[in-house]
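Analysis of the macromolecular model
For reference, the chains in residue letters:
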Amino acid sequence: MFQVRVSYDQKPYRRALMETYGGTCVASPSTETNAGRQILAADPNSNGSLGIAISEAVEVAATNPDTKYALGSVLNHVLLHQTVIGIEAIEQMEQAGAAPDIIVGCTGGGSNFAGLTFPFIGQQLRGGKKVRVIAAEPAACPSLTRGKYAYDFGDTSHMTPLVKMHTLGSTFMPPGFHAGGLRYHGMAPLVSHLKELGLIEAEAHTQNSCFEAGILFARTEGIVPAPEATHAVRGAINAALEAKKNGTSPVILFGLCGHGHFDMQAYMDFMAGKLEDRMYDQSALDASLAQLPAIAAE
Ligand SMILES: Cc1ncc(COP(=O)(O)O)c(C=O)c1O
């Protein structure tokens, strides 16, 4: 199993869990694949990225007949598989006698966001209630708010097919912030398409503002959200504060996509005032976008 280098170092208990279940965990980029060795030759201290880990995993699957690879996010069929979340949410909201006016989800590759929101957007498109749908992404890896809508590869070493999506460029290296699941250069094609159609909005949040929201949520509700999920919590709190200011009381639904029990080091760093709001490097983003496949420029 490949785990992105920065997560491998920051989150030893995730690795311990995988090893407990019998897995072997290798930090990516690794010396075990051509893709990993090439990245390490250019930058021996590479933090890794989801795009690099995907390249390594695809290479291992492609060169070993007994190995298969299943992508966890980004591809449209994965999003549709996750819609069980939204289908259940519709029924739960009905049981509560309510229907959301605003829905917020965090976006890495787009699967938990799409899973929650697509069934509600589907209802809207069939003449049902109009919902305001907000994608909450990290300011340090802002594919929906700063990326280009273009054909790009899903991985850094260009082994995957091209997909049309909001992308920061497949070679973009996000800084090593704690919401590792959101450190992906692109966004699922269906989520990207809805953004282009104006059916969803996107906003970017810094990691300190997200952990602040995560702590407030933990102290209010008793659940510690995963760093990824704190982006949705931040978005929901912001929507509530905005409504309070405007004197309205919308029903806000948000996706709590994971708990933070393996991310307590991040919470400790936040509480000690040690978390940095590292932004992406504009010149690195420009360089990465300049390398988009030629079809994007046509
Ligand atoms: C808890 C959690 N939330 C969200 C994500 C982001 O992925 P996606 O946008 O596909 O839901 C991840 C990815 O690893 C995750 O671990």
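All of these numbers come straight from a predicted model, not from anything done at the bench.

So, about the nonpolar core. Formed by 69 residues in total, the largest nonpolar core has its most connected members in Ile103, Val104, Ala135 and Ala232. The biggest single contributor to this core is helix α7 (residues 111-125), with 6 residues. Of the residues that make up this core, three or more belong to each of domain 1 (2-63) and domain 2 (76-297). Among all residues touching Val104, those that are not within four sequence positions of it are Ile134, Ala136, Ala232, Gly235, Ala236, Ala239, Ile252 and Phe254.

On to the packing of helix α10 (residues 207-221) against helix α11 (residues 227-246). In contact at an axis separation of 8 Å, α10 and α11 are set at 80° when each is read in the N-to-C sense. Here α11 runs roughly perpendicular to α10, going by the angle between their axes. Touching Ser209, Cys210, Phe211, Ala213, Gly214, Leu216 and Phe217 of α10 are Thr230, His231, Val233, Arg234 and Ile237, all from α11. Its residues assigned to classes, the contact of α10 with α11 comprises 7 nonpolar, 4 polar and 1 charged.

Our next topic: the site of the ligand. Taken together, 16 residues surround the ligand, and among them Ser73, Gly108, Ser111, Gly181 and Gly258 come closest. Going through the elements one at a time, α7 and α11 are the ones with two or more residues in the shell around the ligand. Counting residues per element, the shell around the ligand draws most heavily on α7, which supplies 3 residues. Along the lines of polarity and charge, the residues of the shell around the ligand split into 6 nonpolar, 9 polar and 1 charged.

Moving on, we get to the sheet that holds strand β7 (residues 201-205). In space, the 4 strands of this open sheet follow the order β7-β4-β3-β8, with parallel pairing throughout. One side of each edge strand has no neighbouring strand; the edge strands of this open sheet are β7 and β8 (252-254). Strand-to-strand, the axes of this sheet are offset by a mean angle of 25°, without reference to chain direction. Pairing between strand β3 (residues 102-106) and strand β4 (residues 132-138): 5 bridges, direction parallel. Each bridged residue has a counterpart across the sheet, and for Ile102 the counterpart in β4 is Arg132.

A separate point is the packing of helix α3 (residues 34-42) against helix α4 (residues 50-63). When two helices pack together, you describe them by how their axes are tilted relative to each other and by the distance separating the axes. Relative to each other, α3 and α4 sit at 145°, their axes nearing to 8 Å. On α4, the residues that touch Asn34, Ala35, Gly36 and Ile39 of α3 are Ile52, Ser55, Glu56 and Glu59. When grouped by side-chain class, the residues that make up the contact of α3 with α4 number 3 nonpolar, 3 polar and 2 charged.

The omega angle of the peptide bond from Ser28 to Pro29 is 5°, so this bond is cis rather than trans. If you trace the backbone, Pro29 turns up in the loop between β2 (26-28) and α3. Of note, Val74 is a non-glycine position whose phi angle comes to about 75°, a positive value. Residue classification places Val74 among the buried residues on the basis of 25 C-beta atoms within 10 Å. Unlike most non-glycine residues, His158 shows phi in positive territory, near 60°. Relative to the helices and strands, His158 is located in the loop between β5 (148-153) and β6 (162-167).

Cut-off values and rules
Residues numbered from 1 in each chain as written. Predicted model: local features only at pLDDT ≥ 70, side-chain atom pairs only at ≥ 80, totals over all residues. Core = buried A, V, L, I, M, F, W, Y, C linked by C-beta atoms within 7 Å. Buried ≥ 20, exposed ≤ 12 C-beta atoms within 10 Å, placed from the backbone. Helix = DSSP H or I, 4+ residues; strand = E, 2+ residues; numbered from the N terminus. Domains from an automatic or database assignment. Contact = placed C-beta atoms within 7 Å. Axes fitted to C-alpha atoms, helices over the stretch in contact; angles between N-to-C directions. Parallel < 35°, antiparallel > 145°, perpendicular 65-115°, else oblique. Nonpolar A, V, L, I, M, F, W, Y, C, P; charged D, E, K, R; others polar. Near = placed C-beta within 6 Å. Pairing = 2+ DSSP bridges.

By themselves, these figures tell us nothing about what the structure is for.
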